[in-house]
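Commentary on secondary and tertiary structure
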Amino acid sequence: KQVYTKIIATENISGIQKIEYSRDKQSWTQLQLGYSGGIKQENSNTYYGSEIWSIREERIEDVYFRVLDLAGNYSEPSNVFQIRYDTVAPTTPEITNKKEGQWVSTTIEISAKSTDKTSKIAKLQYSYDDKTWKEDWGKDLVLNGTEASIQGVLKTNPSNKIYVRAIDNAGNISKSGITTYKRDAILPTVSLSPNGGAYTMPTKGDATIKTTLNAADTGGSGLRSLEYACSTSKTTEPTKWTKFTNG
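This text gives an overview of the structure that appears in the document. (Residues numbered from 1 in each chain as written. Predicted model: local features only at pLDDT ≥ 70, side-chain atom pairs only at ≥ 80, totals over all residues. Heavy atoms only, no water.)

1. What to know about the overall build of the protein chain
Formally: The numbering of helices and of strands both runs from the N terminus, where a helix is a DSSP run of H or I of at least 4 residues and a strand a run of E of at least 2. We call two residues contacting when some pair of their heavy atoms lies within 4.5 Å. Here the Shrake-Rupley method, with its probe set to 1.4 Å, supplies the accessible areas, and only the displayed protein chains count as covering residues.
Per the secondary structure count, the protein chain includes zero helices and 20 strands. Of the contacts made within the protein chain by residues no fewer than 6 positions apart, 60% connect residues no fewer than 24 positions apart. Here the protein chain displays about 16,700 Å² of accessible surface, and carbon together with sulfur accounts for 47% of that area.

Written out as structure tokens, the structure reads:
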């Protein structure tokens, strides 16, 4: 990898002859200006050159600059400029999914974390196909030293997979972590036969209501339970439901 830097210098009289850099303010090297092809004049007294620095190793490097004008005068060294090298990708995200491999409906809650010891994590992204990436977790990235984490309630997808990757501040991308689930977004159905009718409640004891109940699930997860509720209202759905224990 390479990093691109633009160096700007100002000279009011003779113009700029060359730009040099040093890592110790003692030994100076002329910029090769490979990107720009030489020093360019931006306006009447401002010049610039652009340099591509090849990544040397994973570290932070201090660099100083100075300028030589056409009259042979050197400028004072610039303030320190830090080039931060980071060629190592973040760790593969660890995903926490309490519904790993289980049946879920239209949403699923997951969290993910990754670490990067040099430039640190800039973002965590998720995808349903490991190609198109999203960042709309609904919550902010949490930074804790070299570790970053995030959580969110995401929509499920027929792929039954969610991939997560991390990107650090140098642009390095981690390998994708993956979690799986089984999606069933289709509501079960229930029918009664006969459905409705008039029944007389006895003054003592229980009334017997006979009907045939048919329930089905076509989404794949199957039926977990059957429940019933009694209500005196024809318009308001009851809030207390009871599971059938036998036929």
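2. Examining the environment of R23
Locating R23 in the fold gives a position in the loop between β2 (16-22) and β3 (29-30). Put simply, R23 and V63 are 40 residues apart on the chain and 4.7 Å apart in space, counted from C-alpha to C-alpha.

3. As for the side chain of E20
Note the threshold: The classification of residues rests on relative accessible area computed with a 1.4 Å probe and restricted to protein chains. Under 20% of the type maximum is buried, over 50% is exposed, and intermediate values are partly exposed. Between N or O atoms, a polar contact is any pair within 3.5 Å; within protein, one atom must be a potential hydrogen donor and the other a potential acceptor, and residues adjacent in sequence are included only when both atoms are from side chains.
Secondary-structure assignment places E20 in strand β2. Assessed through its relative accessible area of 6%, E20 is described here as buried. Of the polar contacts made by the side chain of E20, one reaches the side chain of Y74; its length is 3.4 Å. Among residues more than four places away in sequence, those in contact with E20 are W28, T29, Q30, L31, Y64, F65, R66 and Y74.

4. Side note on the sheet that holds strand β6 (residues 60-69)
As a reminder of what qualifies: Each pair of strands is called paired provided DSSP finds at least two bridges between the two strands.
Pairing is antiparallel across the open sheet formed by four strands, whose spatial order is β3-β2-β6-β7. Of all strands in the sheet, those bounded by a partner on one side alone are β3 and β7 (81-84). Sheet analysis places β6 next to β7, joined by four bridges and oriented antiparallel. When the bridges of β7 are listed, D62 appears paired with Q82.

5. Quick look at the nonpolar core
Let me state the cut-off plainly: Buried residues of nine kinds, namely Ala, Val, Leu, Ile, Met, Phe, Trp, Tyr and Cys, make up a nonpolar core once their side-chain atoms join them within 4.5 Å.
Residues I110, Y126, W137, L154, I162 and V164 are the most contacted members of the largest nonpolar core, which totals 16 residues. Taken together, the elements giving at least two residues each to this core come down to β10 (107-115), β11 (121-127), β13 (147-155) and β14 (161-168). If sequence neighbours within four positions are ignored, V164 has contacts with P93, I95, I110, A112, L124, Q125, Y126, W133, W137, K175, S176 and G177. Judged by nonpolar contacts, the second largest core, of 12 residues, contains I7, I16, Y21 and Y47.

6. Description of the pattern of salt bridges
To keep things clear, this is the line we draw: One side-chain nitrogen of Lys or Arg within 4 Å of one carboxyl oxygen of Asp or Glu is enough to make a salt bridge.
Overall, the coordinates contain three salt bridges when judged by the stated rule. The partner of K18 in a salt bridge is E20, with the nearest N and O atoms 3.0 Å apart. When sorted by exposure, K18 lands in the same class as E20, which is buried. The shortest N-O distance in the salt bridge between E20 and R66 comes to 2.7 Å. Of this pair, E20 sits in strand β2 while R66 sits in strand β6, and the two are 46 residues apart along the sequence. Of the two residues, E20 and R66, both sit in the buried class. Each of K18, E20 and R66 takes part in a single network of salt bridges with overlapping partners.

7. As for the sheet that holds strand β15 (residues 177-180)
Stated formally: Here the axes come from fitting lines to C-alpha atoms, over the contacting stretch only for helices, and the angles between their N-to-C directions go from 0 to 180 degrees.
The sheet built from three strands is open, its strands ordered β11-β14-β15 with antiparallel pairing. Of all strands in the sheet, those bounded by a partner on one side alone are β11 and β15. Between one strand axis and the next, the sheet turns through 20 degrees on average, direction left out of account. Alignment of β14 against β15, held across four bridges, turns out to be antiparallel. Within the sheet, the bridge partner assigned to Y163 lies in β15 and is I178.

Remember, this is a structural readout, not a statement about activity or role.
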